[in-house]
Amino acid sequence: MEVHNIFSIPLFSTPLRVDNQRILNWCLSERTKSEGRFCSNNGGWQSNDYYNYPEETEELFREIHSASDSAAEFLNIRISGVSNYWININDYKSSNHLHCHPHSMLSGAYYVQVPENSGCINFQHPAEKNMQYDWDGITSEYSPYCNLYSKTLPKVGTLLIFPSWLYHYVEPNLNQSENRISISFNIG
């Protein structure tokens, strides 16, 4: 039997060679400057949106732009660049609920600090609402065809890029002594 994958959803992942310690210090410094906001976060701290690149993030965003251009070329879409970004600092038991990023083409996250037991990012199958009735739990191992969620364990220094319409959530950080820190962004 011939198999045709008629729909496909890419998750782009690449390790970046940037000064992660400098970025980490900047994130921690930014947390002291504002109370942040509650958007997709359950606990923890999420910064307000940033639109400009301070010196500490210039190198990171050069890499993000390059990776985003490659992702857009692969997808055969046009993008105009990063439209906004924010910091996520998830302390013990903090998480991010199921959400997507409307009004953009691509979204992503750069992982600044990922301690052990700090949670995975989970991507929801777009047909989850229909699949959940009959397909939930039908396979004992992960299958991109049958599972409702795809789980990715982030690593320090890794950049993930995905279509902005793809719903996702972040599991609670169960590390009692270290925070999970990421920088998320949207690309128009």
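Residues numbered from 1 in each chain as written. Predicted model: local features only at pLDDT ≥ 70, side-chain atom pairs only at ≥ 80, totals over all residues. Heavy atoms only, no water.

Draft legend 1. Main features of the state of the cysteines. Applying the stated criterion across every chain, the model contains 0 disulfides. Unpaired in terms of disulfides, C39 finds its nearest cysteine sulfur in C100, a separation of 11 Å. Relative accessible area serves as the criterion here: at 22%, C100 is assigned to the partly exposed category. (Disulfide = S-S within 2.5 Å. Buried < 20%, exposed > 50% of the residue type's maximum accessible area, 1.4 Å probe, protein only.)

Draft legend 2. The pattern of salt bridges, seen in detail. Considering all chains together, one arrives at 5 salt bridges under this definition. Taking the shortest distance from any N to any O, the salt bridge between R22 and E55 comes out at 2.8 Å. With R22 in helix α1 (residues 20-31) and E55 in the loop between β3 (45-46) and α2 (58-75), the pair connects residues that are 33 residues apart, well separated along the chain. Look at R22 and you get partly exposed, because its relative accessible area is 34%. Note that E30 and K33 form a salt bridge whose closest N and O atoms lie 3.0 Å from each other. You can call K33 exposed: its relative accessible area is 58%. (Salt bridge = Lys/Arg side-chain N within 4 Å of Asp/Glu carboxyl O. Helix = DSSP H or I, 4+ residues; strand = E, 2+ residues; numbered from the N terminus.)

Draft legend 3. Spotlight on the packing of aromatic side chains. Going through the model one piece at a time under the given rule, you end up with 8 aromatic pairs. Judged by centre distance (4.4 Å) and plane angle (50 degrees), the rings of F61 and Y85 are tilted. Taken together, the residues F61 in helix α2 and Y85 in strand β4 (residues 82-90) connect sequence positions 24 residues apart. Across the pair, Y85 and F61 agree in class, each one buried. (Phe/Tyr/Trp six-rings, centres within 6.5 Å; stacked < 30°, edge-to-face > 60°.)

Draft legend 4. Examining the side chain of N186 more closely. With respect to the helices and strands, the residue N186 is situated in strand β11 (residues 180-187). Residue classification places N186 among the buried positions, given a relative accessible area of 8%. When near neighbours in sequence (up to four residues on either side) are disregarded, N186 contacts G81, V82, S83, N84, W86, H101, S104, L106 and S107. (Contact = heavy atoms within 4.5 Å.)

Draft legend 5. A look at the environment of H4. Topologically, H4 is positioned in the segment before β1 (12-15). Separated by 137 residues in sequence, H4 and E141 have C-alpha atoms that sit 21 Å apart. Among the polar contacts listed, one links the side chain of H4 to the side chain of E2, at a separation of 3.1 Å. (Polar contact = N/O pair within 3.5 Å; in protein donor to acceptor, adjacent residues only side chain to side chain.)

Draft legend 6. Molecular detail of the sheet that holds β3. Strand order in the open sheet made by the 6 strands is β1-β9-β6-β11-β4-β3, with antiparallel pairing throughout. The open sheet is flanked by β1 and β3, the only strands paired with a single partner. Direction of pairing for β1 relative to strand β9 (residues 158-163): antiparallel, over a ladder of 4 bridges. Along β9, the bridge assignment pairs S13 with L160. (Pairing = 2+ DSSP bridges.)

Draft legend 7. Representation of α1 within the structure. Across its 12 residues, α1 extends 17 Å between first and last C-alpha, which sits within 8% of the 16 Å expected from 1.5 Å per residue. Of the residues making up α1, those classed as buried are N20, I23, L24, W26, C27 and E30. The arc that holds every buried residue of α1, seen down its axis, measures 160 degrees, which confines them to one face. Those residues of α1 that are buried are in contact with β3, α2, β4, β6 (106-113) and β11. (Expected span 1.5 Å × (residues − 1). Arc of directions from axis to C-beta.)

Draft legend 8. Seen up close, α2. In this model, α2 (18 residues) spans 25 Å end to end at C-alpha, consistent with the 26 Å of a helix rising 1.5 Å per residue. At its buried positions, α2 is contacted by β1, α1, β4, β6, β9 and β11. Once α2 ends, the next one or two residues include N76, with phi positive near 60 degrees.

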